[in-house]
Structures are given as structure tokens and as C-alpha cells.
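# Structural features, examined
Single-letter residue listing:
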Amino acid sequence: MEKAKTKVPSQIVSSCERNLRSSTTSQLKPTGNLSSFSLQTQLLNSNNLSPPSLLSLCLGHIGCNLEEIIDHLSDLAPALPSHIKLVLFAIARRRKLLGDVVLIALADSSWEIVDLSGSNVSDSGLHYLVDVCQNLKAVDISDCSQLTAAGVSKLLQHYHSLETLRWGGCSRSEHIAHECLSLLKPNLTTTVGETWEELDASELALGTESLRWLVWPKIEKSTHKLMALECPRIVVNPKPSLLGHRGIEVPREALLQYALDDPIVENIDPKTWAVQGFNVSLRSSLLPVVDSNEISIAEKFRLAFLERDARLAPKRAKNARQHQRRSEREWMMRDSKAKASALASKVVKSLNLKNI
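Owing to the predicted nature of the structure, the values given are computational and were not obtained by experimental measurement.

For the rest of this paragraph, the subject is the pattern of salt bridges. This model, assessed by the stated rule, comprises nine salt bridges. Between K85 and D108 there is a salt bridge, with its nearest N and O atoms 3.4 Å apart. Remark: D108 occurs in the loop between α6 (100-106) and β1 (113-115) and K85 occurs in helix α5 (residues 82-94); sequence separation between them is 23 residues. The same class applies to K85 and to D108, which are both buried. Two residues, R93 and D261, come together in a salt bridge whose shortest N-O distance is 2.9 Å. Linking R93 in helix α5 with D261 in the loop between β5 (235-236) and α12 (297-334), this pair joins segments that are 168 residues apart in sequence. Residue R93 shares its accessibility class with D261, and that shared class is buried. Taken together, the shared-partner salt bridges in this structure form one network comprising R93, R94, D115, D261 and D262.

If you want it as C-alpha cells, here you go:
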């Protein structure tokens, strides 16, 4: 009995091992459906794209008509959350509506990223931004033709948490960048200390001791080499890499091919800032190009309704005739006089046919 008991488990184990080997070998064999499976997964992933939220649609509609409420933004902005203000700020920049009025109305103390590129913001608006937003980490002031060296100097001297700076672009912005370049370099003339360890980092830099990334597309080679020698802590025009820059990951804000406020409006329809023919630049090349002559959604709905109405008009007329004949037949069946007159008319018709 004991031998029989010991034989049964060994048989079961051997059979299980054979089944496992056969199943693993069948799984390891290449199949011809791998390409179709990968295609199906791609289709499933594409179908899983979620539709835009109601908030994104509302912000897009407001952005299309932003110029109508600019004069009232100072009254409306206090009731808006900070992230909603930032979205409206980014839309205003893309629609070429960003100026001192919009900046003063929407600026919020919780902002850490501000993109002023290509705007009409002047020194007064920039000074207001410096006073309100104390924790900015990334700023883009490229192609701002209304700014001066005084305004940019206050920006650089005030912020001690600024990590990414973008400037240059147009001729005026390039001139201002060269004028303010000395503020980025360490100051060794007024430092007091016997050894390097005793020096304070805040004394070496004029307010930009935390600046790490500088985006300057039109920088000259000589200026680039000078910056690398005199201020090696600031990386100029970093390039995207899997390994980063010297082991440090390059943030998205420091990459030239992306606009600074791209993540802020990633859920907003690009048609919002195509109202005034906003040109998609190299930095926002990932956004789909929108044709300003494309028919609006409301017009598409109207044309579709008219087409459906014209297609169903004959069917509606046929149904109306059938309903009228059915109602007349029911009335004749209920009314004896009408039934007698109908039978008399049939008899007259039959007699006339016989006489013919």
C-alpha cells in the first residue's frame, strides 16, 4: 500500500513536467500574428485617447474671445484659480494679446514658470511681475521688443530661485542680452575672504546664483566660449540627451525645441490661438497646424442638419399622405352616411364604365 501511495505522486509530477515543457516551447515558438498583435495594440492605444474635458473646452472658447474681456480682466481675475490664470496668460501670448494690462490682471504669486516671449510687455509690467511672483524658476523674455536693460537687470538681480532663463531673438533683445551678460558672471571684485571656502555664493553672483540653464539661440561662438570659461555653472543651449548634461538631467524648460508654456496649454485646442493667425514656431512644432479657413464646428452641424432635412423630406411627405388616407378610411368606417356616399360613388363609377 505504501509503494502504491508513493507511485501516484511521482506519476502526477512527471505528467505535470511534460505539460509545462510543452506549454513553454509552444509559447517560445514565433508566430505569424505578432505584427497583427502589435498593430492591434497601436489601434487600441490610439482609441484610448480621452476627449477634452469640459474645462478645456470652456477655456478654449474664452481664449477665442479673449480680446472682448481684456478690459474687464482686472475685475474677473481675482475669482479665478492660479492655474486658470496661467492658461489664459499662455493663450493671450499665443494670440499676440499679451501686454502690461493682461500681465497685471493675471499675475499670481504661485507661478513658477512665465513665458513672455514675443509679447508687448514693457518694463513696468516686468517690474510688477517681479514684485508679485517671488518664486519664479523659469522665465522666457525672448523677442520682447518693449523691454530695456533696466527691466531685465531688475529681473536678474531680484530672483534668487531662477534656474532657467531664455532671452535673445530680435535685434533689440540681442542687444539687451549683451548689456546684461555681466550680471550672469561671478563678481570677484567686492568679495571678502581669505580662502574660497569662506566666500558666500550670494556674493559671487549678482542675484543669479541659482541660474543653471541659459537658452540663447543666436549667441556668438566667442560669447559662448567666454561664458563657458568665466561662468561654467551656467549651461548655454543644452541639448536633449538620455544621459543628461554631465550626469544632470536637462529640464524641459531648457530645451529650445519646446515652448516654455507648452505643458500649460497641452489640453487646449490649438484653434484657440489660430483666430488671429498665430504662426506655429519651431519650438511649438509638435502642435498640429491649423487652417484658419476651416469651417467651424457650428457651421458643420448646420450644414449636416440641412442635408439630413433635405434627404428625409420625401419620406416625411409620403408618411403624411399615408396618415391622411388612413384617417379618411377610419372616418368612413365609423360614419354610416360617409360609407353610403362612398359606396354610391363606386356604383356610379362602375355604371359609367359599363356604358362606355
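Turning to unusual backbone geometry, a few remarks are in order. Non-glycine residue K96 carries a positive phi angle of around 60 degrees. Of note, K96 is situated in the loop between α5 and α6. A residue is classified by how much of its surface remains accessible, and K96, at 53% relative accessible area, is exposed. The backbone phi angle of N237 is positive, close to 50 degrees, even though this residue is not glycine. Relative to the elements of secondary structure, N237 occurs in the loop between β5 and α12. A residue is classified by how much of its surface remains accessible, and N237, at 24% relative accessible area, is partly exposed.

This brings us to α5. In an α-helix, one turn spans 3.6 residues; hence positions three or four apart end up facing the same way. Here α5 is 13 residues long and its end C-alpha atoms lie 19 Å apart, about the 18 Å a rise of 1.5 Å per residue gives. Burial analysis of α5 places 11 of its 13 residues in the buried class, the great majority of the element. Among all positions in α5, only I84, K85, L86, V87, L88, F89, A90, I91, A92, R93 and R94 are buried. Contacts from the buried residues of α5 go to α3 (54-64), α6 and β1.

Moving on to a nonpolar patch on the surface. Among the surface-exposed residues, I295, L303, F305 and L306 lie close enough to one another that they form a single nonpolar patch of about 380 Å² accessible area. For I295, the location among the structural elements is in the loop between β5 and α12. With a relative accessible area of 43%, I295 lands in the partly exposed category.

Thresholds applied
- Residues numbered from 1 in each chain as written.
- Predicted model: local features only at pLDDT ≥ 70, side-chain atom pairs only at ≥ 80, totals over all residues.
- Heavy atoms only, no water.
- Salt bridge = Lys/Arg side-chain N within 4 Å of Asp/Glu carboxyl O.
- Helix = DSSP H or I, 4+ residues; strand = E, 2+ residues; numbered from the N terminus.
- Buried < 20%, exposed > 50% of the residue type's maximum accessible area, 1.4 Å probe, protein only.
- Expected span 1.5 Å × (residues − 1).
- Contact = heavy atoms within 4.5 Å.
- Patch = residues over 30% accessible without salt bridge, like charges linked within 9 Å, V, L, I, M, F, W, Y side chains within 5 Å.
- Areas by Shrake-Rupley, 256 points an atom, 1.4 Å probe, with all protein chains shown as cover.

All we've got here are geometric facts, nothing functional implied.
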